Amino acid sequence: RLAPERLVRPERRLLSRATRALVEQARADVGPIKPETSDSLEAGIKSQFLDHRIQLNGTIFHVKYDDYQAQGIDLVGGTQNFRLTNVGKVLTKGVEVEANAILTKDLRLNGSIAYVDAKITSFPKAACWPGQTAAPGCVAGSPSFQDLKGETLPNAPKWKMNLGLDFSQPVGDY
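Rules used in this analysis
- Residues numbered from 1 in each chain as written.
- Predicted model: local features only at pLDDT ≥ 70, side-chain atom pairs only at ≥ 80, totals over all residues.
- Heavy atoms only, no water.
- Helix = DSSP H or I, 4+ residues; strand = E, 2+ residues; numbered from the N terminus.
- Buried < 20%, exposed > 50% of the residue type's maximum accessible area, 1.4 Å probe, protein only.
- Areas by Shrake-Rupley, 256 points an atom, 1.4 Å probe, with all protein chains shown as cover.
- Contact = heavy atoms within 4.5 Å.
- Patch = residues over 30% accessible without salt bridge, like charges linked within 9 Å, V, L, I, M, F, W, Y side chains within 5 Å.
- Salt bridge = Lys/Arg side-chain N within 4 Å of Asp/Glu carboxyl O.
- Core = buried A, V, L, I, M, F, W, Y, C linked by side-chain atoms within 4.5 Å.
- pLDDT = per-residue confidence, 0-100.
- Phe/Tyr/Trp six-rings, centres within 6.5 Å; stacked < 30°, edge-to-face > 60°.
- Lys NZ or Arg CZ within 6 Å of the ring centre and 35° of its normal.

(A) Just the overall build of the protein chain, in detail. Broken down by element type, the protein chain carries 0 helices and 11 strands. Secondary structure elements in the protein chain, listed N-terminal to C-terminal, are β-β-β-β-β-β-β-β-β-β-β. Burial status across the protein chain gives 26% buried among its 174 residues. Carbon together with sulfur atoms contributes 57% to the accessible area of the protein chain, which is approximately 11800 Å² in total.

(B) The side chain of D106, seen in detail. Along the polypeptide, D106 turns up in the loop between β7 (79-102) and β8 (107-122). What makes D106 buried here is its relative accessible area of 18%. Contacts of D106, omitting those with residues within four sequence positions, involve D166, F167, S168, Q169 and P170.

(C) Looking closely at a nonpolar patch on the surface. On the surface, a nonpolar cluster with roughly 650 Å² of combined accessible area is contributed by L56, I60, V95, V97, I113, W159 and M161. Within the residue set of the nonpolar patch, elements represented by two or more residues are β6 (54-76), β7 and β11 (159-167). Positionally, I60 belongs in strand β6.

(D) Focus on the nonpolar core. If you look at the biggest cluster of nonpolar residues, it comprises 14 residues, and the most contacted ones within it are V116, A118, I120, F123, L148 and L153. Secondary-structure elements contributing two or more residues to this core are β6, β7 and β8. Sort the elements by how many residues they give to this core and β8 lands first, with 4 residues. Each residue touching F123, except ones within four places of it in the same chain, is listed here: Q71, V87, Q146, D147 and L148.

(E) Fine view of the pattern of salt bridges. Applying the stated rule across the entire model yields 7 salt bridges. When the shortest N-O distance is used, the salt bridge between R12 and E11 registers 3.2 Å. Put simply, K158 and D117 hold a salt bridge, and the shortest N to O gap is 2.8 Å. Pair noted here: K158 is in the loop between β10 (145-146) and β11 and D117 is in strand β8, with a separation of 41 residues, a long-range link.

(F) Main features of the confidence of the model for the protein chain. Chain-level pLDDT for the protein chain is 85 on average; 89% of the residues reach the 70-or-more range. Element-level mean pLDDT values for the protein chain span from 60 in strand β3 (residues 26-27) up to 97 in β11.

(G) Layout of the packing of aromatic side chains. Applying the stated criterion across every chain, the model contains 2 aromatic pairs. Across from the ring centre of F145, 3.8 Å away, lies the NZ or CZ of K125, which sits over that ring.

(H) Up close: unusual backbone geometry. Even without being a glycine, H52 presents a positive backbone phi close to 70 degrees. Inspection of the secondary structure puts H52 in the loop between β5 (36-49) and β6. Positive phi outside glycine occurs at D67, with the angle close to 55 degrees. When you line up the elements, D67 lands in strand β6.

(I) Layout of the environment of S112. Inspection of the secondary structure puts S112 in strand β8. Sequence-distant contacts of S112, that is, excluding residues within four places in its chain, are made with V97, E98, K160, M161 and N162.

(J) Fine view of the environment of L41. Along the polypeptide, L41 turns up in strand β5. Under the relative-accessibility criterion, L41 is labelled exposed at 52%. Sequence separation of L41 and S16 is 25 residues, and the distance between their C-alpha atoms is 7.5 Å. Residues within four places of L41 in sequence aside, it is in contact with R17, A18, I60, F61 and H62.

If you want it as structure tokens, here you go:
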């Protein structure tokens with residue numbers, strides 16, 4: 001991991017980070033699978049304004065996954081099995097902005113917005129969904145499969161947003 005940081009002014013910092021991560025898994029009775037690796041590059045800024053009452057941060061990122069681990073299809077003794085396996089490659093990239101503001105002694109506002117582009121760059125033997133036909137890409141066989149290259153990663157929305165208020169009032173004399 002490499003994470004240089006530069007203090008531009010006392011209330012502003014430029015950040016960058018390069019990271020390599022490794023995820024190892026083992027499967028019962030079939031043996032280990034290859035470790036999933038990810039190479040991540042990030043750059044951003046952390047800043048504060050108005051006597052530290054407002055904080056504004058921004059980050060851009062690019063993460064490449066190799067030997068991505070997901071449910072795949074294995075044939076064991078002629079029987080189709082769905083299990084954790086190395087299925088291919090994934091690329092995620094995007095930008096995130098977050099803000100926090102102290103509105104009063106007791107009230108804080110926070111929010112964030114992120115745009116994430118998460119694409120499968122290689123998954124040539126993905127399972128077809130039940131009832132899927134050749135029209136949407138299912139290749140007949142035993143087992144049937146599809147190539148998901150270029151598809152969006154499941155459960156990865158393009159936009160994520162959050163907005164919140166925090167009201168804190170002391171209780172008692174402490």
